[in-house]
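Chain and residue survey
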Amino acid sequence: MGLRFGRSTWAWAWAWAWAGCGGGTPAGDLRVGDGPAQATVARAPFDLTVELADGSTWGAPDSDDPALGLLSFGVYDARMNPNRYYDPLAPVPGAWIRPGQVRSATAEGDHAELVVDVDPLVGEALDVTLDRACDDTAGGADERCWVAVRVVVRNPGWVAFTRLSWALDATEALYGLGERFDEPNARGRLHAMQLEMADTSSGLNEVHVPVPWVVSTRGYAVLVEDTRPGGFDLGAASATVASTTFAGATEFTFHVVTAADPWVLAGGITALTGRPRVPPGWAFGPQLWRNELDDGAELLADAAAIRTHDLPVSVLWIDNPWQTAYNDFTFNPVQFPGAPAMLDQLHDAGYKLLAWSTPYLDSSDDSGVREGMSPDTGGLFEEARDRGFFALNTSGTPWEYPWTSGKMGASIDFTNAEAGGWWTGLARRATGLGIDGFKLDYGELLASIVGSRLGVRFADGTTEAETHARYSILYHRAYRAALEADRPDGFVIGRGSTLGGQADVDCVWPGDLDNDLSYAGEANAEGEAAVGGLPAAVHALQSLAVSGFPTFGSDTGGYRGGAPTSEVLVRWGAHTAWTPVMQVGGAGNSHNPWDTELYPEDWVLPAMRRSMKLHQRLFPYLYAAVCAAAHGAGPPSVMPLGLVWPDDAAAVADDCAYLLGRDVLVAPGCRGQDPRRVHLPEGTWVDWWSGDVHAGPVDLDVANPRDAAPVFLRAGAVVPLLAAEVDTLVPTTDGTTVHAWTRRAPLTLRVVPPATDGEGRWRGAGHADTVARCPDDGSGLTEVRTAWDGDCLTLEVASNDPAPRLELDWQAASAAAPSSVPGFTAAAAVEDVLGGTCSDCWFHDDVTGKLFAVPAPGRICR
């Protein structure tokens, strides 16, 4: 769209100004700061470029289109109704207007203040503030700097949209934007920043965690501090232009971040919006749940079956329904008689318990859902209504809608602090009884319904336009307060969140993914666009991690469509074993791998046992990766390969491979293909399963059995592992159940020698640099350092455990067995080392080339 008015008037005004009659010719460019993220402001007309770490610049596209300036404002015209919803990514009537020249400017050091002319239809003027800063990262590649730009429209006119645009080069890939089920590289597509109705099998666009944050492989990231309806066009309309548009944004703040190291760059989101929560250690153990429990006896039977079948589960969920009324936080006495004793019994057996909840109270009669449920909420709905604790509609009455299966519910208004406190008090009915955390479902608000505004009014004066995504953060905080009061090491897993919400929710799960291997958007059997199955889970893990949410766990096996096939369940488990949280459950009767009616094949239970044990063994590594995201430079827990190796086209192209931490490459077979083509980027890589060594870059056809996703360690990797016999990460009074920190369960260090003259390093949560943010994980292991000089490997292990075992991929450094391990005796068999029948001993496996030792030696030479 072009300007409909005023072009000749503006052209005359600029000529008049440049002639010296309108205040004189503007002075030269204005520079703010020095070094990376230095901002250069052009005065006539207003424009901005930002210097990146490599010396190149970020800036506006080269376009005469008024809608594609650095800043552009879309204004209403007579064809637009302010009471309707207009999609920020769709063409609408009206004009686009760019700012004029800088009227005045003051600058000192890293700060500048500008007044910029603008068309009266936009407002009187723009007040623009620029601030350049760097955080506490080190210099060089680890230096992270940014410029923050705040734009305020003085006395706003008819602003419908505010747009920020910048130029794209031909090859850069773009990541982030929160939870996305499409491919991690977001370039070439449109991305909404709100939940909307859509032509999919769910009827929604599935935007549950929108984060307006884009990370480029060119060494910059862009953050927009706004949660109003908006969207990003990342090269869809024009391959050389990225833009983001937000509705009604007359106060608009954005940041341009730069760093040479992609891990440091991607971590900039948490430096600017808040550090993520680190879940309690027990939440990293496998979690298991049924879609619906018949009764407490079934829950206790599941708990017993888990131990009988040697499945290492630390957490059980009590999903919907479990209450006498939705969200009265009172156990249904018919379904769960003697609930306090049941919870005590499960705690003693080494389990933590989560309960399902939503932010609604129903006015409908829900007694038909389950025997023992009441026809009303016992007066809670009426109390909330009378005390003004509900969000309201335009008529001033509670805003109600059929939130599930036709049940009419009203939303608690968490912008009202008194309402939030009241809800926290209700939640304490559960936490005071022994519930250790919550699965918080729903909480996202639609921005519109078939083009109409919802008309929701909140106590703080906002509407659904401003609060649609922020609502979930306030919702989570009310439950967090209940946990802090009664269960300080509590855990919250939520479906919805947004910018900054990582500080309030421990983990995100993606809601109802398809129970198959489909990609998001492809046609399903009914001809509808699929939500997406396993590939969507792998994609969401990556996009969330680089958007500030380091802890993610999808329903193993999916949800939409009922119970998965055995093949899908096991393949999904082979993926979630390598994610921060592994939770096994979903639709259908259960995803319990011992249920032979659902999963009759004799390989299902052993395969799931293998994946669940592997996940639990990985606890120290997973916990440290999440902990690292929550402090200091804040590197993400997971990274897309293309963001780490941007010049490697094959790494960019593999949407279903990722780095877990800095050293573990995981490549699930998202389509179930076996073998799977895997691309290994530059460096030395060791196959986790076989020990085979590969020099990258290289493409390999790798075995991809259903129960073992392809995984590779890179040179210098250190992966601490719990003992395979560990049953739970929760203390237990059951003498037959192995708790993680008993002395009969020593740690193992899986180590790959670093490159010659290189170093490897792993830091645990108990390290002095991280312990203030991350509680000690209980392993006693705080740091491991390795170095390889071409002849000898040295290891420094800081641990309270006197005898961690070593599993060394010696074959990555030398084809020949070591000549000696000073102070150690050669064992006759590997079982002597791993079984603990010898001490200060080592064994070299001539087949794989691996070396095993107990304890970990300080030096090993050729």
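1. A few points about the side chain of S590
One can find S590 in the loop between β28 (583-584) and α12 (604-617). Residue classification places S590 among the buried positions, given a relative accessible area of 0%. There is a polar contact of 3.1 Å between the side chain of S590 and the backbone nitrogen of N592.

2. Comments concerning the state of the cysteines
Scanning the model with the defined rule gives 4 disulfides in all. C656 shares a disulfide with C670; S-S distance 2.0 Å. Between C656 and C670 the disulfide shows an S-S torsion of about -100 degrees. By sign, it is left-handed. Here C670 lies in the loop between β31 (664-666) and β32 (676-687) and C656 lies in the loop between α15 (649-653) and β30 (658-660), a separation of 14 residues in the sequence. Looking at C656, the relative accessible area reads 3%, which means it is buried. Overall, the relative accessible area of 2% leaves C670 in the buried class.

3. Examining the pattern of salt bridges
Using the criterion set out here, one finds 43 salt bridges in the structure. Of the charged contacts in the structure, one is a salt bridge between R495 and D441, with a shortest N-O distance of 3.6 Å. Remark: D441 occurs in the loop between β25 (437-440) and α8 (464-467) and R495 occurs in the loop between β26 (491-494) and β27 (507-508); sequence separation between them is 54 residues. In terms of burial, R495 and D441 fall into one category: buried. Shared partners join several salt bridges into a network, and the residues in it are K352, D436, R487 and D489.

4. Some details on the packing of α12 against helix α13 (residues 619-629)
Between two packed helices, both the angle of their axes relative to each other and the distance between the axes serve to describe the pair. Relative to each other, α12 and α13 sit at 55 degrees, their axes nearing to 5 Å. Overall, the two elements α12 and α13 adopt an arrangement that is oblique. Along the contact surface, α12 presents H615, Q616 and R617, while α13 presents F619, P620 and L622. Within the contact of α12 with α13, the residues separate by chemical class into 3 nonpolar, 2 polar and 1 charged.

5. Topic: the packing of helix α7 (residues 417-431) against helix α9 (residues 470-486)
Direction vectors running N to C along α7 and α9 enclose 50 degrees, while the axes themselves pass 8 Å from each other. By the criterion of interaxial angle, the relationship of α7 to α9 is oblique. When you trace α7 past α9, the crossing you get is right-handed. Of α9, the residues touching α7 (which contributes G420, W423, T424, A427, R428 and T431) are A478, Y479, A481, A482, L483, A485 and D486.

6. A look at α9
Every α-helical turn comprises 3.6 residues, leaving residues that sit three or four positions apart pointing alike. The first and last C-alpha atoms of α9 sit 26 Å apart over 17 residues, in line with the 24 Å expected at 1.5 Å per residue. Among the residues of α9, Y471, S472, I473, L474, Y475, H476, A478, Y479, R480, A482 and L483 are the ones counted as buried. In this structure, the buried side of α9 is in contact with β21 (352-357), β24 (407-411), α7, β25, α8 and β26.

7. Observations concerning the pairing of strand β43 (residues 851-854)
By the alternation rule, side chains of β43 split into L851 and A853 and F852 and V854, which are all buried. Across 3 bridges, strand β40 (residues 805-808) lies against β43 in antiparallel orientation. Bridging from a neighbouring strand, L808 pairs with L851 of β43. Note: strand β42 (residues 841-844) against β43, 4 bridges, orientation antiparallel. Residue C841 lies in a different strand from β43, and its bridge partner there is V854. As consecutive antiparallel partners, β42 and β43 are separated by 6 residues, and within that stretch G849 has a phi angle of approximately 85 degrees, a positive value.

8. With respect to the sheet that holds strand β23 (residues 400-404)
The sheet built from 3 strands is open, its strands ordered β22-β24-β23 with antiparallel pairing. The open sheet terminates on both sides in strands that have one partner only, identified here as β22 (360-362) and β23. The mean inter-strand angle of the sheet, taken between neighbouring strand axes irrespective of direction, is 55 degrees.

Basis of the calculations
Residues numbered from 1 in each chain as written. Predicted model: local features only at pLDDT ≥ 70, side-chain atom pairs only at ≥ 80, totals over all residues. Heavy atoms only, no water. Helix = DSSP H or I, 4+ residues; strand = E, 2+ residues; numbered from the N terminus. Buried < 20%, exposed > 50% of the residue type's maximum accessible area, 1.4 Å probe, protein only. Polar contact = N/O pair within 3.5 Å; in protein donor to acceptor, adjacent residues only side chain to side chain. Disulfide = S-S within 2.5 Å. Salt bridge = Lys/Arg side-chain N within 4 Å of Asp/Glu carboxyl O. Axes fitted to C-alpha atoms, helices over the stretch in contact; angles between N-to-C directions. Parallel < 35°, antiparallel > 145°, perpendicular 65-115°, else oblique. Contact = heavy atoms within 4.5 Å. Nonpolar A, V, L, I, M, F, W, Y, C, P; charged D, E, K, R; others polar. Left-handed = near helix turned anticlockwise from the far one by under 90°. Expected span 1.5 Å × (residues − 1). Pairing = 2+ DSSP bridges.

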